[in-house]
Amino acid sequence: MLIARNRRGWLIAVWLAVFVAVAILLLTGLRIDSDLGAFLPRARTVSQAALLRELEAGPAARVWLLAVGEETPDRLAAVSRRFAEHLQASGKFTTVYTGQTALDDETQQVLFAYRYLLDPDGSASKFSVPELRTAFENGLEKLHSPVSPFEKQLVTADPTGALQRILDTILPPDTSLRRRDGAWISSDESQTYLLAESVADGTDIEAQEQIAATITAAFAAANDSDDAVLLVSGPPAFAVATKKRIQREALTLSLGSTAILVAILLLAFGSASRVLLISVPLAGAVLIATAVTSVAWGSIHGISLAFGATLVGVSLDYPVHLVSHTRPGETLAQSVSRVWPTLRLGVLTTLLGFAAMLTTDFPGIQQLAVFSISGLLSAALLTRYLLAPLVAGRVERTPRLQGTANSVAHVLAMVWWLPPVVVIGGLALTWRDPSALLSSRIDALSPAPPNLVAQDRALRTTMGLDEPGYVLLVQGDTMNAMLQRQEALRPTLHQAIIDESLRGYDMAALVLPSTALQRTRRDELPDDETLRARIDTARQGLPFRADAFRAFTDDVAYTRTLGEVDQSAFAGTLLGTRLDSLVRREDDGVVGVVTFTGLTEPEAFEQMLEDQASEGVLFIDIQSSTSNLVNAYRNDILLRSALVLILIAGILAVALRDWYRWFRVLVPVLGSILTAAALPGLLGQSLNVFHLVSLLLVAGIGLDYALFFSRFHADAVDFVATKHSLFVCASSTTAVFLVLSLSAVPVLSSIGVTVATGAASAFLLSAFMNRSNDNAKTHA
Amino acid sequence: MISGRRVLALSSFLASFAGSVTCAHDAAGLRVLMESLATVDASRVAYRETKSMDILDSTVEQSGFLAFAAPATVIREIREPVVETYAIVGNAMHVTREGREERIDLDAIPLLRAFIESFRATLSGDVDLLEAHYHVDFSNDGPTWRLGLQPRNRRLAGFIESIEFTGEDIRVDRIRISEANGDWSLMILSPVEQDNSRDVDSP
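If you're wondering where the values come from, they're calculated on a predicted model, not measured in any experiment.

A. Expanded view of the overall build of chain A. The number of helices and strands found in chain A is 31 helices and 13 strands. Counting all 780 residues of chain A, 54% fall into the buried class. Long-range pairs, those at least 24 residues apart, make up 82% of the contacts in chain A between residues at least 6 apart in sequence.

Here it is as C-alpha cells:
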C-alpha cells in the first residue's frame, strides 16, 4: 500500500512536471500564425509554384480595396481625397492609388533623361530627315496651344516624341477610369475607390491588423460629416477578418461546446469531480499536442490549433470508456484490464489514419496530423497511466443514464436503415452530377468568410479589376534574359491586338527594355554633326531658328554617354512597384508575368505562342490550373485514405482473429464514413480536403464504437456499461460537432457537419450490427 | 494616339524645373474690380493673339473666341490657323482637335492648374483663388485698370515671369504673358457681334 502510494505520488509528480513544463513552453514561446496559404497544396511544377505564390504572397495579396459610398458625388470626392492623403501620410503604404496617372517627379526625371533608351518604338529611323521633318511640323502646330509656354520646350527638346510614347505605353489607358476632383469615382458617381498597397506582406497578419486600424482611423478623420460609409476588401482584409472571426468563433464555439459537454457528462456521471477527472487526459493531450506541433514547426497555424483541438476532443471518449466500465465498488484500475485492449486497438488504428496524412504535400494537413497523433496518443496514455493511478483508492458508483443509454441504443438500432438511405441519396446525386461530389475550387479551402468573398468580387467588377483568367510566365536566368524573351514576344502580342483577339497586355519589358536593346538604341543614335545636319535639312521652309533644337541635340549627345537603365533606377517609385509586381526572383532565375486584358480566344493565342516555339514561356489558364492542382491534391489524399482503410482492415483481421467480429466492426466503420461523405452532398456542399480529413476522424470514431460494441462482454452489466459509455461518447461528439457546424468559417462548418453525421451513424450502425450480441448476452 | 496624353508628357517634362519670386499692391482697388467681375455670369469675346518665341523667326498668330461661364468654365475656341477647342471645366481640361477629345486632369498637373487659374480666377472674380497662386499687383486710373500677376509657385515662375490683364470697367481688353526666357504673347480681346457668335456655335 505504501509502495503503491509512493508510486502514485511519483506518477502524479512526473505528469505534473510535464504539464508545467509544457505550459511554460507554450506561454513563453507559442506563436500562432494565420498564413492563409498553409492549407493550400504545395506546388509540384514551376508554373504551379509561380501561380500559388501569386495567389498567396504576390503583390496582389498586399492590396486593400477601399470603396467610399452613401454620399453626394462632391462630398464623396472630397472625403476620399482626404482619406487618400491620410493613408499616404501614415507611411504604411507603398502606394495609394486613386486612379491618378501622374508619375512622381523622380520617375519622370528618369524617364525624361533616358527617353531615347526607353522609347518603346525607338529605332534609328526616328532620327532620319523625313521623320524629323514630320516631327517639326507637328511641333509647330503644338505651339498654338494656350499652354505653349510649357509645351514649346518639349517640342524643341523631344521633337521625336519619345517621352510621349513611353508614357502612352506604361500608363494604363485611362478610359476605364473616371475621376472627379482628384478621386476615382464609379460611372454612376455613387462610390469612390482607392487601392492601397501595404508595405507589410499580405501574410503578415499582425501588421495587416494594425493597417486595418490605420485605415479605420484615416477614414474617420477624413469623413467629417460622418455620413459616408467605407467598404473594405481585398486579400489582407480577408486575412484580418478571417483571423478575427476564427478567434471569435473559437471562443464562442468552444464555450458552447464545452457547456454542452459538461452538461452531458454531469448528467451521465452525476458528479463534478468525476467530470473534472474525465477531462484531465484531454486537457493534457491538447497541451502536449500544441507543444509538439509548435516545436516541430516553430509556430502553429490557427486552423491547426482550432481544428486539431476539435479532432483531439474526441479523446474524451477514452476516460469515458474507463469510467463507464467500472462497476460499482471497483476502482478505475480494475476496469483498465477490461477496457484497455479494446481501447488500444481503436487508438492505434485511428493513429494509422492520421499517420498517412503525414506524407501529404499539404503543410497544414501535416501539422494537423502531427497534432492529432500526439494528442490522441497522449490522451490514451494519460487515461491508462495517469487517470487510473490518480484515483487509485477511490471506489466508483453506478453511473446514471444507464437505462436511457440502453433504450436509446435499442431504438437507434431499429432505424438502421437511415444511413443507407443517406448513402443511396448521395449516390443518386453523384450519378446525376458527378462533378458536384468533389470540389475543385481552391477558394473552398480558404477560411475567408463567403459573404466577404462575394462582396470583393462585386467590388472588383465595378472597379474594372476583374481577376485575371490567364497569365503568361516568361522565365530567364537573369532579369535581362527574361526581358529579352519578353521583347521577342512583342510581335506575337501585337499581332493578337491587330487581330482583335487581345485588347491589351502588361509586362516588365514594356516599362524597362533589356540592356541589350538599350545598348542597340544608344549605338544607333546619330552623332552630333550628323544630327545637326539632318535637323538643318528637315527644318527647311519652317520658321524654326537654327539653334531651336539645341536642347534636342544636347540631350541626344548626352544619351550617347549614358549607361543602361536597370530596375534599381525606379526603386521606391510607383513604376518600381509596378515592375516588382511583374517580376519575381526565384532561386534559379527570374520569372516575368505577362497579364492580359480582353483575351477572347485563349486557345488560338496559346497555339500562336507555341508556333513561335519560345523557350521559357509558359501560358497558364488560372482557373483550370488551380482546379488541376486542387484535384491532384485531393485525389492524393483520397488515395492515401483508401489505402489506410485497407491497411486498417488488415490489421483488424490479424488483431481480432475473428471474421464475424471483423465484419461487425468494418460495417459500421465503412457505413459511417459513407454516410458522413454523402450528407454534405445532400446539403449542397462539395467534398473538399477538409471533409476528407474529417472522414479520417469519422473512421477513428467508428472503429472505437464498433470495437467496443463488438467486444466480448462478460455479462449483461458489462454490455450495459458499454452502451452507456458509447452513448455518452456519441452524444457528446455529435453535439460538439453540431455546434461546430454552425461556424461561418467554411472549413470549420464542413468539419462539423461531417463528423457529427459520422459519429451519429457510427453509433447507430454499431448498435445495429451488434444487437444480437446484446440479445445473446442479456438472455444468457 | 498621336495627341494621346500630350499634356501629360508635358507634366513629366515640367518635373525637371525650378525658379523664385517676390512683390506688393493696392488691395482695396483689386477687391472692387473683382467684385464687379464676379457679377458676370457668362461672357464671350473674340480674340487675336500674337506669340513671339525665341525658337522661331516669325511670330505665331491665332484668332478665335474666349467664353466664360460662372463659376468655373473657360473655353478657348481657336479658329485660325487651326481649329481646336480648349475647355476648362471644373478640374479638367478638355482638348478637342480633329474630332477627338482628350481629357486632362488638372489636379494631376499642379503647374498647369496654377497657370490656368490666372485666367479663370480673374474672369470669375475669385480674389482668394487668384492670390493663392499669384502675387497680385493692381493699379487703376479712373475706369481703366491693370492687374499684374506673378506666380507664387517657383516652378511656374521658372516659365512665367508675369501675366498682365488690362481693361476698362468689367471688360478685359488685353492679356499679356511674359515668359522667363523673354518670350511673350499678347491677346487682344474685342466684343463679338451677334451673328458671328451664332455662326460659331454651329460650325
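B. Examining the overall build of chain B more closely. In terms of regular secondary structure, chain B is built from six helices and eleven strands. Residue burial in chain B is summarised as follows: out of 203 residues, 50% are buried. Sequence-distant contacts, at least 24 apart, represent 43% of the contacts inside chain B between residues at least 6 apart. Roughly 9200 Å² of accessible area belongs to chain B as shown, and the carbon and sulfur atoms make up 52% of that amount.

C. Layout of the nonpolar core. Formed by 103 residues in total, the largest nonpolar core has its most connected members in I365, L652, Y705, F737 and I751 of chain A. Here the element with the most residues in this core is helix α28 (residues 689–710) of chain A; it accounts for 16 residues. Not counting chain neighbours up to four residues away, the residues in contact with L652 of chain A comprise L345, T349, R657, W662, V665, L666, L703 and L707 of chain A. The next biggest cluster of nonpolar side chains, apart from the first, holds 42 residues, and it includes L33, L106, F159 and M187 of chain B.

D. Expanded view of the sheet that holds strand β8 (residues 144–151) of chain B. Residue and element names in this part refer to chain B. Overall, antiparallel pairing links the eleven strands, which are arranged β6-β5-β4-β3-β2-β1-β11-β10-β9-β8-β7 in an open sheet. The outermost strands of the open sheet, each flanked by one partner alone, are β6 (100–105) and β7 (134–141). Averaged over all pairs of adjacent strands, the angle between strand axes in this sheet comes to 20°, irrespective of strand direction. As defined by bridge partners, strand β4 (residues 84–89) adjoins strand β5 (residues 92–97) across six bridges and the pair is classed as antiparallel. Paired with Y86 across the strands is V95, a residue of β5. Relative to β7, helix α2 (residues 27–38) is tilted by about 85°, and along the sheet it contacts β7 and β8. Sheet strands in contact with helix α3 (residues 110–124) are β2 (60–69), β3 (73–80), β4, β5, β7, β8, β9 (160–168) and β10 (171–179), and its direction is about 15° off that of β9.

E. Quick look at the pattern of salt bridges. Enumeration over the complete set of coordinates arrives at 28 salt bridges over all chains. The salt bridge involving R146 of chain B is made with D137 of chain B; its shortest N-O contact spans 3.2 Å. R146 of chain B gets classed as partly exposed once you look at its relative accessible area, which sits at 27%. Each of E71, R75, R82 and D224 of chain A takes part in one network of salt bridges that share partners.

F. Local environment of the confidence of the model for chain A. Residues of chain A with pLDDT of at least 70 account for 88%, and the chain-wide mean is 81. Here residues 774–780 of chain A is modelled with pLDDT under 50, and outside its nearest four sequence neighbours on either side it reaches seven contacts, counting other chains as well.

G. The side chain of T342 of chain A, seen in detail. Residue and element names in this part refer to chain A. Relative to the helices and strands, T342 is located in helix α14 (residues 332–358). Taking relative accessible area as the criterion, T342 reaches 10% and is therefore assigned buried. Non-local contacts of T342, meaning those with residues more than four positions away in its chain, are made with R661, L707, F708 and R711.

H. Here's a closer look at the pairing of β6 of chain B. Residue and element names in this part refer to chain B. With six bridges connecting them, β5 and β6 associate as antiparallel partners. From the neighbouring strand, H94 faces β6, where its bridge partner is R103. Where β5 hands over to β6, the hairpin turn is made up of two residues, of which E98 adopts a positive phi near 50°.

I. Region of the structure containing the packing of α14 of chain A against helix α15 (residues 363–390) of chain A. All names here are of chain A. Contact geometry for α14 and α15: axes closest at 10 Å, N-to-C directions at 170°. What the angle tells us is that α14 and α15 run roughly antiparallel. On the side of α14, the interface is formed by L332, A333, V336, W340, V347, T350, L351, F354, A355, M357 and L358, while α15 contributes I365, Q366, A369, V370, S372, I373, L376, L377, A380, R384, L387 and A388. Residue composition of the contact of α14 with α15, by class: 19 nonpolar, three polar and one charged.

J. Expanded view of the pairing of β8 of chain B. Residues and elements named next belong to chain B. Counting buried positions along β8 gives six out of eight residues, so the element sits mostly inside the fold. What sits between the antiparallel neighbours β7 and β8 is a turn of two residues, in which G142 has the positive phi angle 65°. Two strands pair when backbone bridges link them, and β8 and β9 are joined in this way by six bridges, in the antiparallel orientation. The residue of β9 that forms the bridge with R146 is T166.

K. Inspection of the packing of aromatic side chains at higher detail. Residue and element names in this part refer to chain A. All told, the structure shown has 21 aromatic pairs over all chains when counted by the stated rule. Taken together, a centroid distance of 5.7 Å and an interplanar angle of 65° make the contact between Y116 and F127 edge-to-face. One end of the pair, Y116, is in helix α5 (residues 115–118); the other, F127, is in the loop between α5 and α6 (129–142), and eleven residues separate them in sequence. The class of Y116 is buried, set by a relative accessible area of 4%. The class of F127 is buried, set by a relative accessible area of 6%.

L. Examining a nonpolar patch on the surface more closely. Taken together, the side chains of W416, W417, L418 and V421 of chain A define a hydrophobic patch exposed on the protein surface, amounting to about 380 Å² of accessible area. The topology assignment puts W416 of chain A in the loop between α16 (402–414) and α17 (418–432).

M. Just a negative patch on the surface, in detail. Residues D499, E500, E601, E603, E606, E610 and D611 of chain A make up a contiguous surface patch of negative charge. One can find D611 of chain A in helix α25 (residues 602–611).

N. Quick peek at the confidence of the model for chain B. Residue and element names in this part refer to chain B. Overall, the predicted model of chain B reaches an average pLDDT of 80, with 82% of residues at or above 70. In this model, residues 15–24 is a region of pLDDT below 50 whose contacts with residues beyond four sequence positions or in other chains number 27 contacts. This model gives residues 195–203 a pLDDT under 50, and the stretch forms eight contacts once residues within four places in sequence are excluded. Scored as a whole, the predicted complex attains pTM 0.63, and scored at its interfaces, ipTM 0.82.

O. Unusual backbone geometry, seen in detail. For the peptide bond that leads from E80 of chain B to P81 of chain B, omega is -5°, which places it in the cis range. With respect to the element layout, P81 of chain B can be found in the loop between β3 and β4. Although it is not a glycine, E70 of chain A adopts a positive phi angle of roughly 65°.

P. Molecular detail of the environment of I535 of chain A. Residues and elements named next belong to chain A. Counting through the fold element by element, I535 comes out in helix α22 (residues 528–538). A relative accessible area of 3% means that I535 is categorised as buried. If we ignore the near neighbours within four places in the chain, the residues touching I535 are L132, F136, F549, F552 and T553.

Rules used in this analysis
Chains are numbered independently. Their residues run from 1 in the order of the written sequence. All chains are assigned letters beginning at A, and all ligands numbers beginning at 1, according to the order in which they are written. Selection of residues for local features in this predicted model requires a pLDDT of at least 70, selection of side-chain atom pairs for listing and counting requires 80 or more, and totals for whole chains, interfaces and linings are taken over all residues. Heavy atoms throughout the structure, all of them, feed into the side-chain values; hydrogens and water do not. Runs of H or I in DSSP of at least four residues are treated as helices and runs of E of at least two as strands, each being numbered from the N terminus. Each residue is placed in one exposure class: buried if its accessible area under a 1.4 Å probe, protein chains only, is under 20% of its type's maximum, exposed if it is over 50%, and partly exposed if it falls in between. By definition, residues are in contact when any of their heavy atoms lie within 4.5 Å. Only the protein chains shown count as cover for residues, and all accessible areas are computed by the Shrake-Rupley method using a 1.4 Å probe. Working definition of a nonpolar core: buried Ala, Val, Leu, Ile, Met, Phe, Trp, Tyr and Cys residues. They are joined through side-chain atoms within 4.5 Å. Here, a strand pair is defined by DSSP locating no fewer than two bridges between the strands. Interaxial angle, 0 to 180 degrees, is taken between N-to-C directions of lines fitted to C-alpha atoms, where a helix line uses only the stretch in contact. Any carboxyl oxygen of Asp or Glu within 4 Å of a side-chain nitrogen of Lys or Arg constitutes a salt bridge here. Every residue is assigned a pLDDT by the predictor, reflecting its confidence on a scale from 0 to 100. Each angle receives one of four descriptions, namely roughly parallel if under 35 degrees, roughly antiparallel if over 145, roughly perpendicular if within 65 to 115, and oblique otherwise. Note on residue classes: Ala, Val, Leu, Ile, Met, Phe, Trp, Tyr, Cys and Pro are nonpolar, Asp, Glu, Lys and Arg are charged, and everything else, Gly too, is polar. Aromatic pairing here means that ring centres of Phe, Tyr or Trp (its six-membered ring) are within 6.5 Å. Orientation follows from the plane angle: under 30 degrees is stacked, over 60 is edge-to-face, and everything else is tilted. Note that patches include only residues with greater than 30% relative accessible area and no salt bridge, and the join distances are 9 Å for like charges and 5 Å for nonpolar side chains (Val, Leu, Ile, Met, Phe, Trp, Tyr). We count Lys and Arg on the positive side and Asp and Glu on the negative side, and we leave His and both chain ends out. For the purpose of locating charges, the reference atoms are NZ of Lys, CZ of Arg, CG of Asp and CD of Glu.

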